[in-house]
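# Tertiary structure, described
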Amino acid sequence: MDSSTNSLDDVSADSSAEFPDRASLMELRLQAQEDEIMLLKSSLADALRRIRLHDQLLPILKQQLIAVNPGAARMLNQVCSSDGCRKLSSSSAMDGVSHPATSQLLESFVTKTNGHIGSPVSSEPRPRPATVDRSTQTELPQTGQDLGPDKVPLPRCVQSLQLEDALPPGKPVGDGNRAKLHRIPGMEEDDEEPEDDEETGGEQEKELSWASSVEEPIQPTNIRSLLREDFQDGQCSPEESSLALLRPTDQNTSSRPSPLSPIQEGEKQPLVRRNSEKLGNPEKQRRRLDKKAASAANLLARSPSLENRAKELIASAGSPGSRRGTYSQGQSIKMFIRGRPITMYIPSNIQNYEDLKMEPPSERLELDWVYGYRGRDCRANLYFLPTGEALYFIACVIVLYHIDNRTQRHYRKHTDCVRCLTLHPDKVRVASGQTAGVDKDGKPLQPCVHIWDSTTLVTLQQIGVGTFQRGVGSVAFSITSTNEAVFAVEFNPSDSSNIITCGKSHVYFWTLNAGQFTKKQGIFGKYKKPKFIQCFVFSLTGDVLTGDSEGNILTWGKSAADIKTLGKGAKETFQIMRQTRAHEGSVFTLCTLQGGALLSGGGKDRKIIRWSADLAPERECEIPEKFGAVRTIADVDGEEVLVGTTRNAILRGNFSDGFVAIVQGHVDEMWGLATHPSVNIFLTCGHDRQVCLWNTEEHKLDWSITLEEYGLCADFCPNGSVVSVGLSTGRWVVLDLLTKEVVSESTDGNEQLSVMRYSPDGSFLAVGSHDNFIYIYSVTDSGRRYTRFGKCNGHSSFITHLDWSKDGKYIMSNSGDYEILYWDIAGGCKLLRNRFESKDREWASYTCVLGFHVMGVWLEGSDGTDINALCRSHSERVVAVADDFCKVHLFQYPCPKPKAPSHRYEGHGSHVTNVCFTHSDSHLLSMGGKDTCILQWRVVGGGVGSGRDRLASASASSTSSPEPAAS
């Protein structure tokens, strides 16, 4: 589309759309750099988390081995054959890998310089000091310690890398850095009690030992279970692993394998160990060991998934005929978005996550109503059909609205925004052109023109695919283009071989002959050439009447060839025969009436003037300012007309009785959407600073007000009497639905607000802001009085979504860096650091785009911004999703597995910014961003029962099935 088609009142020729905005380019480049930095940070954080996880697993494996098989400990302290020990220890030293069995032997032996095995270490218990972390402990001598004449320290390759080894020489590791590196998502609370040993001091206890391991690279949006990977090729099930751990230790040792074999067989990845212990008082070391064992038990109690993983690693050498492992409580699913790991814990009522089946919901959507009209930047897009229907478009939908019956039909074959429309002289066939868009992968889509039947809504032909580069700006059952912007094109009704086009400073008269077009340019002569010729019509006499940006109506006619001036061979020309002053400002539209009368619509003066056949003014009226300028006029019956305006409204009326709006809509990007808790009404707000209340039953606008700042979010109080609206400046207001007056207002920070959410009982209001905080207010006086209760501080990016629990005590929130946090509001707005405890909590609403129950809505390769909003139905059966690719999706709820199937619906011509179900789940509302369109979908089909019951029953049935079907 040409930039000039986006003009409003003045249609400026100096549009800057053709030149890139340097500031915008810089902002895009800055955003790309910030995204790369976030990706690197996320990758680093995940790598450190993996190191920490393996660091914790090593002592657990050792403790589990000793606990289930004390004979292994005795055997490790005995003297084994010299050949086997030498081979085992030397191989570990050479390859730099310390196997679990090998590391046990290293605790009892040191290597002589000549490679022979030394004397056995004393069998008396030796003190083993504990380190702060849970690294596997070995008894290697410290550097500088006297080893004796026949003993040398093990090579460096046997030791693991510490964090200090990666830093420049002489640069210490700060305690603050250590604390950050040891933070594990979902287990943020300290796992150990601080030791109060006065003699050893804190420095020794801050020694941290890190175990390095080989990990697979981080893959974006790679969703998997932490515990699933160890059993892909294993031979035992978790149940048998647990049985192996509980097996009595006093059984005959000859009937079971060697204590070393389970560990050696079950080992998946080589781990390198390093001794970072300090020798000290034996009694104190025993106390530390006791405290460390209690800390490890505490860790297992908090994270059953970690315990299960340790059990699986120990008992991974089970019988080859074991059953497939089932998922138990405490397991988690990991999802990656742009390299950042997001851990989600499986609820307790799901027994068999792997066997869950994801199916499309039985509910479906049918387009019920379209709110809005595109008059802001389009022209000649309103017609009246003999069927009594007004024909117009918005977004990707062409609407046929019966002005008396108040019903709609929709033509929905376009795949991108419709930009132009024309009606065949038979008043049945319609031609509509769409713009060139892009698909979800960024590949350009070709613009085209659809020719279809307005009675049956059947597409007759699709033309122009591959012909146009940017979009179709004007159609008249023929397509033509020039190097200049074309605003209108029409066939001459008296001669179908003649076509007229007008646009930027030109009027062309085309003649079709033998399949070729020849053109003649209209000559302005002594008249001033206007910047734009914006519209034209044919008079009854065959003359062409044009309206221009100077406010004039020009009458064009043929003139005989001027042989005196142009010489022999001169041809006839098209010149201005008459100029009529019509409007102050631009003439946006012209419409001929029965009998030869003419209607003209002005831009700046917002007037509609009726002219006689000889262009004498007869009557005029002015459109109210709130509707904007006149964009187009359609004749109904010679007296009554339809008027499309630049503020996206369609008016119906006449000169005697005035005009009333029959179609209204927003005029700029929309984000805020909320449905009433008990009545079929909903509220919207957007960048046009309008707050609008709509009626879903009568399909009309109840009222609208204009605020000082633009609104971005809204929510109804549960009592239904007031609604709160969050604005772009950090201010929020509470409106009375009956009086439309502001009953309360407040300001939180100086950045835009992104979400407003009342608690289920209406006693609290949560305000999510782009300053990374969630502000909590206590609500009294039926939603008319608000008092600051607290502030939730913990997110590292702006708040995007939040939901209240059903008991009104907790909040779940998402942020711009893909973080999921939980808050205890009743306990003083505290952050719940152990997210595992919230896995079974029930939520009054579900609008957070990140969470276990909606994990399946994300497509493979999503970058975190592909889903703008989602909404769970009140019946908890389905969830609607608004994405960045102009689509609305309907998923089964819950949908916790990747690649969940869904029903997909088209209609929007821009990113879908919000979706919301009505209070009875009878309809779904969706609204686009730049297309200013609100679509009302009717929910059809469906069954009984909630999604939670369906998921629990599915999980139970899959558990009881001996061979569950693959999901």
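Scoring rules and cut-offs
Residues numbered from 1 in each chain as written. Predicted model: local features only at pLDDT ≥ 70, side-chain atom pairs only at ≥ 80, totals over all residues. Heavy atoms only, no water. Helix = DSSP H or I, 4+ residues; strand = E, 2+ residues; numbered from the N terminus. Buried < 20%, exposed > 50% of the residue type's maximum accessible area, 1.4 Å probe, protein only. Contact = heavy atoms within 4.5 Å. Areas by Shrake-Rupley, 256 points an atom, 1.4 Å probe, with all protein chains shown as cover. Pairing = 2+ DSSP bridges. Axes fitted to C-alpha atoms, helices over the stretch in contact; angles between N-to-C directions. Phe/Tyr/Trp six-rings, centres within 6.5 Å; stacked < 30°, edge-to-face > 60°. Lys NZ or Arg CZ within 6 Å of the ring centre and 35° of its normal. Salt bridge = Lys/Arg side-chain N within 4 Å of Asp/Glu carboxyl O. Core = buried A, V, L, I, M, F, W, Y, C linked by side-chain atoms within 4.5 Å. Disulfide = S-S within 2.5 Å. 1 Å grid on protein atoms, 1.4 Å probe; cavity = no way out; pocket = protein on both sides within 12 Å on 5 of 7 lines; lining within 4 Å. Points joined across faces, edges and corners; volume = space filled by probe spheres on them. Nonpolar A, V, L, I, M, F, W, Y, C, P; charged D, E, K, R; others polar.

### A few points about the overall build of the protein chain
Scanning the protein chain from N- to C-terminus turns up twelve helices and 53 strands. Counting across all 967 residues of the protein chain, residues that qualify as buried make up 53%. By sequence separation, contacts in the protein chain at least 24 residues apart represent 56% of the contacts at least 6 residues apart. Split by element, the accessible area of the protein chain, about 43,800 Å² in all, is 50% carbon and sulfur.

### Some words on the sheet that holds strand 49 (residues 888–892)
Strands belonging to one sheet form pairs held by backbone hydrogen bonds; the direction of such a pair is parallel or antiparallel. Pairing in this open sheet of four strands is antiparallel, and the strands run 47-48-49-50 from one edge to the other. The open sheet terminates on both sides in strands that have one partner only, identified here as strand 47 (867–872) and strand 50 (902–905). Strand after strand, the sheet turns through a mean of 20 degrees between neighbouring axes, direction not considered. As defined by bridge partners, strand 49 adjoins strand 50 across four bridges and the pair is classed as antiparallel. Within the sheet, the bridge partner assigned to Val888 lies in strand 50 and is Tyr905.

### Quick word on the sheet that holds strand 41 (residues 773–780)
Strands sit in the order 39-40-41-42 across an open sheet of four strands; the sheet is antiparallel. Looking at which strands have only one partner, the edges of the open sheet turn out to be strand 39 (753–758) and strand 42 (785–793). The sheet shows a mean angle of 20 degrees between the axes of neighbouring strands, direction not considered.

### Description of the packing of aromatic side chains
Under the defined criterion, the tally for this structure stands at 24 aromatic pairs. Here the aromatic rings of Tyr371 and Trp694 are separated by 5.2 Å at their centres, their planes lie at 65 degrees, and the arrangement is edge-to-face. Taken together, the residues span a long stretch of sequence, with Tyr371 in strand 6 (residues 364–371) and Trp694 in strand 33 (residues 690–695) at a distance of 323 residues. Across the pair, Trp694 and Tyr371 agree in class, each one buried. Measuring from ring centre to ring centre gives 6.1 Å for Trp510 and Phe517, while their planes differ by 85 degrees; the resulting arrangement is edge-to-face. Judged by its relative accessible area of 9%, Trp510 is buried. Taken together, Phe509, Phe524, Trp556 and Phe574 form an aromatic cluster joined through their ring pairs. Across from the ring centre of Phe487, 4.5 Å away, lies the NZ or CZ of Arg379, which sits over that ring.

### A word on the pattern of salt bridges
Counting across every chain of the model gives 29 salt bridges. Between Arg338 and Asp35 there is a salt bridge, with the nearest N and O atoms lying 3.4 Å from each other. Here Arg338, found in the loop between strand 4 (332–337) and strand 5 (340–345), pairs with Asp35, found in helix 1 (residues 22–68); they are 303 residues apart in sequence, far enough to count as distant. By sharing partners, the salt bridges in this structure join Lys806, Glu842, Arg872 and Glu876 into a single network.

### A look at the environment of Tyr710
One can find Tyr710 in the loop between strand 34 (700–706) and strand 35 (711–716). Sequence separation of Tyr710 and Met670 is 40 residues, and the distance between their C-alpha atoms is 9.5 Å. Once residues lying within four places of it in the same chain are set aside, the contact partners of Tyr710 are Gly686, His687, Arg689, Gly726, Leu727 and Ser728.

### Points about the nonpolar core
Within the largest apolar cluster, 47 residues are counted, with the highest numbers of intra-cluster contacts made by Val370, Leu382, Tyr392, Tyr401, Leu642, Leu924 and Ile934. With five residues, strand 6 is the single largest residue contributor to this core. Not counting residues within four places of it along the chain, the set of residues in contact with Val370 comprises Ile394, Val397, Val399, Gln408, His410, Cys933, Ile934 and Leu935.

### Focus: the state of the cysteines
All chains considered together, the criterion is met by zero disulfides. Of the cysteine sulfurs around Cys420, a residue in no disulfide, the closest is that of Cys378, at 8.2 Å. In this structure Cys420 comes out as buried when scored by relative accessible area, which is 2%. Looking at the unpaired Cys933, the closest cysteine sulfur is the one in Cys396, lying at 8.7 Å. Cys933 sits in the buried class, given a relative accessible area of 0%.

### Some words on empty space enclosed by the protein
One pass over the full model with this rule turns up twelve cavities of 30 Å³ or more. Estimates place the volume of the second largest cavity at around 160 Å³. Secondary-structure elements contributing two or more residues to the lining of the second largest cavity are strand 5 and strand 45 (820–824). Considering every element that reaches the lining of the second largest cavity, the biggest residue donor is strand 5, with three residues. Across the lining of the second largest cavity, the residue classes tally to nine nonpolar, four polar and three charged.

### Considerations on unusual backbone geometry
Of the consecutive residues Tyr893 and Pro894, the connecting peptide bond is found in the cis state with omega at -10 degrees. Within the secondary structure, Pro894 sits in the loop between strand 49 and strand 50. The backbone phi angle of Arg406 is positive, close to 55 degrees, even though this residue is not glycine. In this structure, Arg406 sits in the loop between strand 9 (397–402) and strand 10 (407–411).

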